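These are the residues of each chain, in order.
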Amino acid sequence: MTPEYTDTKLRHWLLTLIAFAGASVSLLALVLHALNWLPMYFLIDLVAAPSLVLLLALGVIAYRIREPVFLRRLLTGSWAGLVATGAYDLIRWLLRVSGIISFNPFLSHPVFGRLITGLPETTQTSIVVGWAYHFWNGFGLGLMYTLLLGNVRWYYAMVWATILEFAWLATLPSVLQLKVTPAFIVVGFVGHAAYGAVLGILAERFAKA
C-alpha cells in the first residue's frame, strides 16, 4: 500500500465523515427532541442552513481535488433521497385516495412544523415548514446511505429503510401524539419499503465513480 493510496483513502473518509455529519442534522434534531434533550427547533435554527452550505462546499472541494467517488456519492444521495421521499409520499397518498386506509398518513408533517416554528399545526407556515422538514430529512437519510454504502446492491437500502421504520415506531408516535393502529404500522412499512427500493435502485445505478 503506497503512501499516495493511503492519503487518498484518508481524504475520502474524512470528506465522508464530515458530509455524513452534515446530512444527519435533520435526523439528529428529531432524535434529540424525542429524548427530551433539546427542543426540535434548537438544532434546526442553529445549524440547518450551515449544514447545507457545508455539503455544497464539500462538493466543490471534492470536484477541485478530484475525489470522484465521494463526489458521485454526494450528488447521487442528494437527489436520490428526494426522489425516494417522493415515492414514500406517493404510495401513501395512493393508499389514502384509493380508500384502503381511512386516516391521513401525513398528519406528522404539520406537527413537525409546530415543533419547529411554535405556531399552531393548522397555520400555513407550520404546514409548509413541516413539509420542508420532511423532504430535508428524506434528503439527509438518502445522503447518509450513499455516503457510506455507495452503489451496493439495492436491497441494502431496504434494510436501511426498515431500520428507520422500526426506529420511528419505537420513539416518535408518542412524541408526536399519533395514534398507532395496525393500519398505521402497515402504511409506515409500505412507505418505507417504497423509499428503500427507490433509493437502493438509484444508488446502485448512479453512485459509481
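Above this text is the structure in question.
Procedures and definitions
- Residues numbered from 1 in each chain as written.
- Predicted model: local features only at pLDDT ≥ 70, side-chain atom pairs only at ≥ 80, totals over all residues.
- Heavy atoms only, no water.
- Core = buried A, V, L, I, M, F, W, Y, C linked by side-chain atoms within 4.5 Å.
- Buried < 20%, exposed > 50% of the residue type's maximum accessible area, 1.4 Å probe, protein only.
- Helix = DSSP H or I, 4+ residues; strand = E, 2+ residues; numbered from the N terminus.
- Salt bridge = Lys/Arg side-chain N within 4 Å of Asp/Glu carboxyl O.
- Phe/Tyr/Trp six-rings, centres within 6.5 Å; stacked < 30°, edge-to-face > 60°.

Asks: Which residues make up the nonpolar core, and what values go with them?
Replies: Counting residues in hydrophobic clusters, the biggest one holds 45 residues, and the most contacted among them are Met40, Ile44, Phe70, Tyr133, Leu176 and Leu199. Elements with a contribution of two residues or more to this core: helix H1 (3-23), helix H2 (25-34), helix H3 (40-64), helix H4 (68-97), helix H5 (108-117), helix H6 (124-149), helix H7 (155-176) and helix H8 (182-206). Broken down by element, this core gets its largest block of residues, eight residues, from H6.

Asks: Requested: an account of unusual backbone geometry, with residues and values cited.
Replies: Even without a glycine there, the phi angle at Asn36 is positive, about 60°. With respect to the helices, strands and loops of the structure, Asn36 is situated in the loop between H2 and H3. Positive phi outside glycine occurs at Arg66, with the angle close to 60°. As for its placement among the helices and strands, Arg66 is situated in the loop between H3 and H4. For Arg66, a relative accessible area of 72% translates into the label exposed.

Asks: Outline the pattern of salt bridges, listing residues and values.
Replies: Any two side chains of opposite charge can pair, on the condition that their charged atoms come close. By the definition in use, this model includes four salt bridges. Between Arg114 and Glu121 there is a salt bridge, with the nearest N and O atoms lying 2.7 Å from each other. For Arg114, a relative accessible area of 27% translates into the label partly exposed. Salt-bridge contacts for Glu204 lead to Arg153; the nearest nitrogen and oxygen are separated by 3.2 Å. You can see Glu204 sitting in helix H8 and its partner Arg153 sitting in the loop between H6 and H7, a full 51 residues away along the chain. Residue Glu204 is classed as partly exposed on the basis of its relative accessible area of 23%. Overall, Arg153 belongs to the partly exposed group, its relative accessible area being 44%.

Asks: Hey, could you go over the packing of aromatic side chains for me, with residue numbers and the actual values?
Replies: Applying the stated criterion to the full structure yields nine aromatic pairs. Ring plane angle 40° and centroid distance 6.2 Å describe the contact between Phe103 and Phe184, whose orientation is recorded as tilted. One end of the pair, Phe103, is in the loop between H4 and H5; the other, Phe184, is in helix H8, and 81 residues separate them in sequence. Residue classification places Phe184 among the buried positions, given a relative accessible area of 14%. Seen from their ring centres, Tyr133 and Trp136 are 5.9 Å apart, and the 85° between their planes marks the pair as edge-to-face.

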